[in-house]
Amino acid sequence: MDDATLTFNRHRPRLQGIAYRMLGSVAEAEEVVQDAWLRWHEAAKDAFDSAEAWLVTVVTRLSIDRLRAAKVQREHYIGAWMPEPTLTGAPDSPATPEQLLERADNISVAFLAVLERLAPEARAAFLLREVFDADYDEVARTLGKSEAACRQLVHRAKAQVQEGRPRFSVPRETHERLLRAFADAAARGSLHELKALMAEDAELIGDGGGKVPTFGKSLHGSQRVAQLYFALWRRMGPAVRMEIVDINGEPGMLRFLGGELESAQTFEIEDGRIVRIRAQRNPDKLARIAQLFSSK
């Protein structure tokens with residue numbers, strides 16, 4: 001392996017982390033990093049001072065361009081668009097951008113969903129500064145803007161992110177305990193317990209991508225959400241199986257119907273109750289996870 005390849009591979013985790021957080025798609029992030037590799041392979045490497053700075057700039061700008069196009073496409077997306085989930089912390093899962101970064105709160109599905117509110121350049125500035133700890137002069141060079149303009153971008157983005165983020169962080173043990181209780185109640189078809197584990201105004205958001213049935217709008221109310229899980233149990237009984245796993249750095253739940261992965265579900269918790277469930281059902285976005293479990 002030559003020096004250029006070694007250098008690129010050393011920075012690959014950071015590049016993948018930036019691209020995934022920018023795009024919410026593992027596949028698209030990999031394509032961006034591959035494009036960056038081709039450009040790196042052809043670049044006159046003696047012409048720049050820092051390989052990392054050059055690579056980060058290329059990946060960030062490629063991600064901005066791709067996100068601009070994606071936002072136009074997502075305006076016509078059928079149902080709610082949610083990011084592609086990925087397993088983290090699993091000993092038998094392949095290395096992913098998420099596994100190589102420490103903080104679960106900046107990779108969670110809820111966080112990525114909030115990032116969708118931001119314009120592409122604002123998203124890039126926010127991520128570089130707040131997640132990847134870049135100095136403002138680095139952010140400015142990467143985006144080709146003044147430091148003052150980047151400070152404004154980050155300031156406004158932080159306000160938007162803060163507004164959409166969960167109000168309180170939940171200890172991992174609490175999150176996992178509540179999730180296991182929910183999965184157990186769903187497996188036994190206990191309507192009362194399911195409802196008791198959720199806030200009264202709990203919300204369920206589903207992403208089927210037009211490939212599988214889901215709600216056109218989110219479902220509201222603990223009674224309605226609990227009834228949905230209860231109805232599935234009534235209809236399919238033991239054919240329904242839940243497995244607790246790490247999804248994007250947090251405890252989440254995979255649901256299998258007849259042995260086939262049907263959804264990857266993540267949960268937001270406040271005051272000891274589930275306030276929001278995001279159920280990713282789009283088979284295209286579940287394909288990577290499904291493949292990991294296909295031999296089990």
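Heads up: these notes are all about the structure in this document. On a predicted model such as this, the values are computed, not experimentally measured, just so you know.

With respect to the pairing of strand β4 (residues 250-257)
Burial within β4 is extensive, with seven of its eight residues counted as buried. Inspection of the sheet shows strand β3 (residues 240-247) paired to β4 by eight bridges, in the antiparallel sense. Bridged to M242 within β4 is R255. With antiparallel pairing between neighbouring strands as the criterion, β3 and β4 make up a hairpin whose turn holds two residues, including N248 at a positive phi of roughly 50 degrees. In this structure, β4 lies alongside strand β5 (residues 260-270), joined through six bridges in antiparallel fashion. Considered in β5, the bridge of F256 is made with L261. Hairpin connection between β4 and β5: a loop of two residues separates the two successive antiparallel strands, and G258 in this loop has a positive phi of roughly 60 degrees.

Describing a negative patch on the surface
A grouping of D133, D135, E138 and E147 is seen on the molecular surface, where their side chains present a negatively charged patch. Its place among the elements puts E147 in helix α7 (residues 147-164).

Quick word on the pattern of salt bridges
Counted under the stated rule, the structure contains 25 salt bridges. Between R14 and E52 there is a salt bridge; the shortest N-O distance is 3.4 Å. Taken together, the positions of R14 in helix α1 (residues 3-23) and E52 in helix α3 (residues 51-74) put the pair 38 residues apart, joining distant regions of the chain. Looking at R14, the relative accessible area reads 24%, which means it is partly exposed. In this structure, R141 and D137 form a salt bridge, with 3.4 Å as the shortest nitrogen-oxygen distance.

A look at the environment of N106
Positionally, N106 belongs in the loop between α3 and α4 (109-115). Counting along the chain gives 25 residues from N106 to V131, while the straight-line C-alpha distance between them is 6.9 Å. Ignoring any residue separated from it by four or fewer positions in sequence, one finds N106 in contact with R21, F111, V131 and R165. Among the polar contacts made by the side chain of N106, one reaches the side chain of R21 at a distance of 2.7 Å.

Calculation notes
- Residues numbered from 1 in each chain as written.
- Predicted model: local features only at pLDDT ≥ 70, side-chain atom pairs only at ≥ 80, totals over all residues.
- Heavy atoms only, no water.
- Buried < 20%, exposed > 50% of the residue type's maximum accessible area, 1.4 Å probe, protein only.
- Helix = DSSP H or I, 4+ residues; strand = E, 2+ residues; numbered from the N terminus.
- Pairing = 2+ DSSP bridges.
- Patch = residues over 30% accessible without salt bridge, like charges linked within 9 Å, V, L, I, M, F, W, Y side chains within 5 Å.
- Areas by Shrake-Rupley, 256 points an atom, 1.4 Å probe, with all protein chains shown as cover.
- Salt bridge = Lys/Arg side-chain N within 4 Å of Asp/Glu carboxyl O.
- Lys, Arg positive; Asp, Glu negative; His and termini not counted.
- Charge placed at Lys NZ, Arg CZ, Asp CG, Glu CD.
- Contact = heavy atoms within 4.5 Å.
- Polar contact = N/O pair within 3.5 Å; in protein donor to acceptor, adjacent residues only side chain to side chain.

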